[in-house]
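Chain by chain, the residues run as shown.
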Amino acid sequence: MRQPVQSLLEHARNGRGGALLLGGATSAELAAVGGPGFPVDGFRVLRAAGFQAEAALAFAGLADLVRPLAEGGSEFDLAAGGPHLLGTAVADLVTRTASGGPVLAVVADAHWLDPESAAAIAVAVRATARVPVAWVLGVDDVRRSPFGTLGAVTVPLRRVAAAEALPAATNKALLVLAASATGHVDEVGGALDRLGLHVGDLAPAVADGVVEATGSGWRFRDHGVATAVYGRATPAERRATHAAFVEAIAELRSAENGEILARHLAGAAAATDAHAAEALGRAADGARMRGALEAARAAYGRAANLSPDSSARARWLAGAADSSRLLGDLGGVGRAIREARILTDEPSVHQRLDRIAARTSAVRTVQPDIKSLLEPGTPGTAIGLILTGRAAEAEAMLGPAVAAALLADPLDLGPLTLPAIAAGAMWTGDGGGAAAVLDRSIALLRAYGATEHLPSLLIVRAEAGFRLGHWPTARDDAEEAAALASQLGQQPVRAVARGLALRVSSLMGAPTEPASALEAESLGAEAYAMWSRHAVGTAHLAEGRWREAATALGGVADGLERLGVREPSVLPVAGDLVEAALRIGELARARRTAQRAQELAAGSSSTVARAVAERCLGQVGEARSAKPCFEAALRLHAETGDRYEEARTLLVYARLDGDRTRLEAAADRFAALGAWPWLARVEAELSGGAKPVDDTLAALTAQELRVARLAAGGATNDEAAAALGISPRTVEQHLGVVYAKLHIRRRAELARLLKDL
């Protein structure tokens with residue numbers, strides 16, 4: 001930890017700011033920074049920490065950070081506004097302090113910060129990037145940072161057990177725990193007894209933080225430490241440890257005991273042995289039911305080798321093929337299926353092999369449209385209804401499907417069945433049901449090591465997380481899905497995951513990837529290309545490239561129409577396309593898109609889709625009719641957890657009437673999400689509308705003043721509308737109000753007035 005912190009401090013001494021995100025840093029380690037063992041001469045040190053008990057208290061963590069500055073006479077009111085306003089105020093305070101010397105701000109246990117403090121600190125970090133301020137932020141895991149994308153240097157700290165720091169008996173006990181399959185007290189305790197050790201020998205490792213006690217035994221806090229402990233043992237030490245586990249078979253649970261006995265029975269067989277094969281096959285079935293897929297695959301394969309009966313061999317090979325499929329081993333699937341087909345003519349075995357082959361190809365073969373990806377049955381039927389705009393009918397089917405999914409073993413279902421159920425629940429407004437299915441299924445599949453089904457589930461969870469505002473987690477899920485899909489050869493799934501990851505990361509300020517690269521990954525299939533095009537269009541919009549955004553998003557809208565997708569929640573494109581079209585002066589296109597959004601939202605169960613449709617109508621309508629649309633949109637937004645779309649609505653509404661309160665509310669939401677490109681846009685509007693040029697213009701709202709300046713500069717109504725993201729009709733109405741307030745009648749008078757001022 002010391003080296004990266006010292007590097008950051010050196011940057012601050014040279015007048016440059018920065019942030020360091022330390023994963024796994026303890027509060028004691030961070031408290032030592034600035035102490036006798038880690039001096040930071042010349043720095044003003046500010047400290048804050050997150051506490052689990054205070055995680056629900058708004059701005060509790062922020063109060064600790066600014067208290068020393070406030071005590072110095074600076075004014076700071078925690079009730080003055082939301083996270084963006086307070087984050088900006090913190091940045092101002094810290095900047096003023098840094099004018100007298102560099103500042104070090106240390107935030108320990110930041111994962112326990114209340115959300116408001118986390119968002120405000122994120123704003124402050126971003127705003128002090130060019131000031132001599134060093135931010136050191138400690139979290140339990142850098143992948144679950146509450147700050148979003150800050151441009152911070154992330155350092156996950158790995159703690160390797162120091163042998164010389166622990167008693168010899170404890171080091172031996174650690175090797176036993178590292179070699180254990182489960183960490184269960186029966187398993188570990190039995191092996192320790194046979195090695196002349198005791199469970200108490202693990203106590204120093206627990207006290208040192210290397211190991212933690214669980215409800216049923218022990219586990220390493222860091223899997224890397226377990227690997228290091230096992231790796232530094234000699235081969236003789238490892239063999240002796242495993243021999244102790246074998247001797248302790250009687251201490252293991254019955255299911256594992258049967259598997260171990262079966263493996264020993266098989267090892268004793270000199271040639272084919274029907275009894276040994278059957279015992280090993282039963283053990284494989286038990287391992288498969290428990291999700292021990294590696295053990296199941298090995299046992300099925302050994303049972304097939306020992307069986308003298310060809311039909312039985314085919315049956316065990318089918319089990320090996322399915323275990324290999326779930327583990328993502330395509331070569332193992334193919335070999336087992338080919339051999340099994342030759343061995344038997346039994347229809348039931350061939351049907352099972354056909355099903356395994358179909359499930360293997362479902363996530364690897366390009367399909368002509370979205371609906372063809374789905375297996376027959378209730379989930380596929382429900383998704384088909386949703387895609388064709390019949391969400392109300394689908395809702396009745398999805399309720400029982402969600403309930404069944406929460407009881408099912410994900411290994412028994414097709415690779416797209418659970419993702420279809422979760423996506424359907426998400427699209428029809430059952431976010432809680434979708435989250436429950438996704439979290440349970442992903443946790444079980446991770447425990448099983450069943451990587452085959454993970455990418456599609458991670459994609460749906462990423463989309464759900466994005467809509468709920470958990471953007472860093474959503475980005476991580478999408479990137480993991482893309483990496484896994486690439487490893488597993490699931491190229492169509494990878495294309496979707498890559499598109500989603502780009503959409504989230506670009507909204508958080510990451511650079512846009514070339515559209516051609518993403519398009520190539522879609523493998524020429526429009527059903528997959530939609531995600532890539534949507535991501536590129538969203539990225540262009542976030543970066544203010546309006547014409548490129550309109551082109552990409554228009555292609556998505558047209559593609560969805562060709563595919564027959566009538567559910568606006570599948571790929572929400574209308575709100576972005578209306579914004580882009582207005583920015584480039586294509587009012588007719590914006591109006592067509594808004595009208596289509598209203599038509600599709602009428603058949604959708606998505607409250608967010610209805611809210612966005614209202615916003616679109618407000619953007620393309622006349623000023624007097626826009627306000628009711630925006631008000632309706634905000635009422636609908638209040639019923640959802642989608643703060644991003646709500647912030648977008650607040651922004652366009654504020655452009656209509658210049659209400660700074662709405663702009664600040666939009667800024668708070670964008671800051672909490674980590675939507676830095678959109679936050680920058682709001683900050684520019686807050687700055688631009690803050691100061692009228694003269695008392696003569698003080699009667700004008702911020703939006704009226706913007707329209708007046710554009711018109712005075714020679715812009716036509718269409719050009720002003722494109723610049724401000726509103727309709728030409730709304731520009732005309734604003735100008736009418738401006739003329740009345742300033743007691744003038746034409747643009748020439750307005751130009752002279754502004755020139756004189």
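Shown above is the structure to which this text applies.
Procedures and definitions
- Residues numbered from 1 in each chain as written.
- Predicted model: local features only at pLDDT ≥ 70, side-chain atom pairs only at ≥ 80, totals over all residues.
- Heavy atoms only, no water.
- Helix = DSSP H or I, 4+ residues; strand = E, 2+ residues; numbered from the N terminus.
- Contact = heavy atoms within 4.5 Å.
- Areas by Shrake-Rupley, 256 points an atom, 1.4 Å probe, with all protein chains shown as cover.
- Expected span 1.5 Å × (residues − 1).
- Buried < 20%, exposed > 50% of the residue type's maximum accessible area, 1.4 Å probe, protein only.
- Polar contact = N/O pair within 3.5 Å; in protein donor to acceptor, adjacent residues only side chain to side chain.
- 1 Å grid on protein atoms, 1.4 Å probe; cavity = no way out; pocket = protein on both sides within 12 Å on 5 of 7 lines; lining within 4 Å.
- Points joined across faces, edges and corners; volume = space filled by probe spheres on them.
- Nonpolar A, V, L, I, M, F, W, Y, C, P; charged D, E, K, R; others polar.
- Salt bridge = Lys/Arg side-chain N within 4 Å of Asp/Glu carboxyl O.
- Phe/Tyr/Trp six-rings, centres within 6.5 Å; stacked < 30°, edge-to-face > 60°.
- Lys NZ or Arg CZ within 6 Å of the ring centre and 35° of its normal.
- Axes fitted to C-alpha atoms, helices over the stretch in contact; angles between N-to-C directions.
- Parallel < 35°, antiparallel > 145°, perpendicular 65-115°, else oblique.
- Left-handed = near helix turned anticlockwise from the far one by under 90°.
- Core = buried A, V, L, I, M, F, W, Y, C linked by side-chain atoms within 4.5 Å.
- Pairing = 2+ DSSP bridges.
- Right-handed = clockwise from strand over helix to strand, strands pointing away.

**What to know about the overall build of the chain**
Then comes step 1: Scanning the chain from N- to C-terminus turns up 37 helices and seven strands.
Then comes step 2: Across the chain, every contact between residues at least 6 apart in sequence was considered, and the portion connecting residues at least 24 apart equals 68%.
Then comes step 3: With the model as given, the accessible surface of the chain reaches about 31,400 Å², and the carbon-plus-sulfur share is 54%.

**Thoughts on the side chain of R655**
Then comes step 1: Within the fold, R655 resides in helix α31 (residues 643-657).
Then comes step 2: Leave out the neighbours within four places in its chain, and R655 touches E579, R583, R681, E685, Q703 and L724.

**A look at helix α14 (residues 310-326)**
Then comes step 1: With 17 residues, α14 extends 24 Å between its outermost C-alpha atoms, agreeing within 8% with the 24 Å of an ideal straight helix rising 1.5 Å per residue.
Then comes step 2: Counting buried positions along α14 yields 13 of 17 residues, so the element is predominantly enclosed.
Then comes step 3: Here α14 starts with a cap whose side-chain oxygen sits 3.3 Å from the backbone nitrogen of S311, and that cap is D309.
Then comes step 4: Positive backbone phi, approximately 80 degrees, marks G328, located one or two places after α14.

**Concerning the side chain of T607**
Then comes step 1: Relative to the elements of secondary structure, T607 occurs in helix α29 (residues 607-620).
Then comes step 2: Among all residues touching T607, those that are not within four sequence positions of it are L636, E639 and T640.

**Topic: unusual backbone geometry**
Then comes step 1: Look at F59: it is not a glycine, yet its phi comes out positive at around 65 degrees.
Then comes step 2: Position of F59 among the secondary structure elements: in the loop between β2 (44-49) and α3 (60-71).
Then comes step 3: Judged by relative accessible area, which is 9%, F59 ranks as buried.
Then comes step 4: Phi at D109 takes a positive value of approximately 50 degrees, unusual for a residue other than glycine.
Then comes step 5: Locating D109 in the fold gives a position in the loop between β3 (103-108) and α5 (115-127).

**Notes on empty space enclosed by the protein**
A probe matching the size of a water molecule, rolled over the atoms, marks out where space remains unfilled.
Then comes step 1: Inspection of every chain in the model, using the stated rule, returns two cavities of 30 Å³ or more.
Then comes step 2: In this structure, the second largest cavity is lined by G618, Q619, A626, F630, V652, L656, G725, I726 and T730.
Then comes step 3: Only α29, α30 (623-637) and α31 provide two or more residues apiece to the lining of the second largest cavity.
Then comes step 4: Across the lining of the second largest cavity, the residue classes break down as five nonpolar, four polar and no charged.

**So, the pattern of salt bridges**
Then comes step 1: Under the defined criterion, the tally for this structure stands at 32 salt bridges.
Then comes step 2: Ionic pairing is found between R648 and D576, a salt bridge with its closest N-O pair at 2.8 Å. Placement of R648 in helix α31 and of D576 in helix α27 (residues 574-583) is noted, with a sequence separation of 72 residues between them.
Then comes step 3: For R648, a relative accessible area of 3% puts it in the buried group.
Then comes step 4: For D659, the salt bridge is made with R662, and the minimal N-O distance between the two is 3.2 Å.

**A closer look at helix α32 (residues 660-673)**
Then comes step 1: The terminal C-alpha atoms of α32, which comprises 14 residues, lie 20 Å apart, in line with the 20 Å expected from a rise of 1.5 Å per residue.
Then comes step 2: Within α32, 10 of the 14 residues are buried, leaving the element largely enclosed by the surrounding structure.
Then comes step 3: Two to three positions downstream of the cap, the backbone nitrogen of T661 sits 2.8 Å from a side-chain oxygen, assigning the N-cap of α32 to D659.
Then comes step 4: Immediately beyond the C-terminal end of α32, within one or two residues, lies G674, with a positive phi of roughly 85 degrees.

**As for the packing of aromatic side chains**
Then comes step 1: Counted according to the given criterion, the structure contains seven aromatic pairs.
Then comes step 2: Here the aromatic rings of F630 and Y653 are separated by 5.2 Å at their centres, their planes lie at 40 degrees, and the arrangement is tilted. Of this pair, F630 sits in helix α30 while Y653 sits in helix α31; the two residues are 23 residues apart in sequence, bridging distant segments of the chain.
Then comes step 3: With a relative accessible area of 2%, F630 lands in the buried category.
Then comes step 4: Each residue in the set F466, W471, Y644, F670 and W678 is aromatic and connected to the rest through ring pairs, giving one cluster.
Then comes step 5: Over the aromatic face of W546 sits the side chain of R583, whose NZ or CZ is 4.4 Å from the ring centroid.

**Some words on the environment of G189**
Then comes step 1: With respect to the element layout, G189 can be found in helix α7 (residues 185-194).
Then comes step 2: Once the C-alpha coordinates of G189 and L177 are considered, the two residues, 12 residues apart in sequence, prove to be 9.5 Å apart.
Then comes step 3: Excluding its chain neighbours within four sequence positions, the residues that come into contact with G189 are H184 and V199.

**Observations concerning the packing of helix α21 (residues 454-467) against helix α22 (residues 471-488)**
Then comes step 1: With their axes 8 Å apart at the nearest point, α21 and α22 run at an angle of 160 degrees to one another. Here α22 runs roughly antiparallel to α21, going by the angle between their axes. Relative to α22, α21 is oriented so that their crossing is left-handed. Listed contacts from α22 to L454, P455, L458, I459, R461, A462, G465 and F466 of α21 are W471, A474, D477, A478, E480, A481, L484, A485 and L488.

**Some remarks on the nonpolar core**
Then comes step 1: Core analysis: the largest hydrophobic core is formed by 130 residues, its most contacted members being L65, I121, W135, F147, W471, F670 and W678.
Then comes step 2: F670 has contacts with Y644, A647, R648, A675, W678, L679 and V682, leaving out every residue within four places of it along the chain.
Then comes step 3: Counting 25 residues, the second largest nonpolar core, distinct from the first, contains A276, V333, I337 and I356.

**Overview of the environment of D114**
Then comes step 1: Mapped onto the fold, D114 is located in the loop between β3 and α5.
Then comes step 2: D114 gets classed as buried once you look at its relative accessible area, which sits at 1%.
Then comes step 3: For the pair D114 and A53, spaced 61 residues apart in sequence, the C-alpha to C-alpha distance is 9.8 Å.
Then comes step 4: Within the structure, D114 has its side chain in polar contact with the backbone nitrogen of F59 (distance 2.7 Å).
Then comes step 5: One polar contact links the side chain of D114 to the main-chain amide nitrogen of G61, over a distance of 3.3 Å.

**Structural notes on the pairing of strand β4 (residues 133-139)**
When a strand is regular, its side chains alternate between the sheet's two faces.
Then comes step 1: Among the seven residues in β4, seven count as buried, and that is most of the element.
Then comes step 2: Neither face of β4 is left uncovered, since the one carrying V133, W135, L137 and V139 and the one carrying A134, V136 and G138 both have all their residues buried.
Then comes step 3: By the bridge criterion, six bridges tie strand β1 (residues 18-23) to β4 in an arrangement that is parallel. If you follow L22 over to β4, its bridge partner there is G138.
Then comes step 4: For β3 and β4, the ladder comprises five bridges, and the chain directions are parallel.

**Observations regarding the packing of helix α19 (residues 417-427) against helix α20 (residues 431-448)**
Then comes step 1: Interhelical geometry of α19 versus α20 gives an angle of 155 degrees and a closest axis separation of 7 Å. In this view, α19 runs roughly antiparallel relative to α20, as classed from their interaxial angle. Helix-helix and strand crossings are classified by hand; for α19 and α20 the assignment is left-handed. When α19 is examined against α20, the residues L418, A422, A425 and M426 are found in contact with a partner set consisting of G431, A434, V437, L438 and S441.

**Things to note about the pairing of β3**
Then comes step 1: Judged by how many residues are buried, β3 sits mostly within the fold: six of six residues are covered.
Then comes step 2: By the alternation rule, side chains of β3 split into V103, A105 and V107 and L104, V106 and A108, which are all buried.
Then comes step 3: Bridge analysis of β2 against β3 gives six bridges, and the strand direction is parallel. Looking at β3, one finds that A48 is bridged to V107.
Then comes step 4: Traced from β3 through α5 to β4, the parallel crossover comes out right-handed.

Honestly, it's all geometry; don't read function into it.
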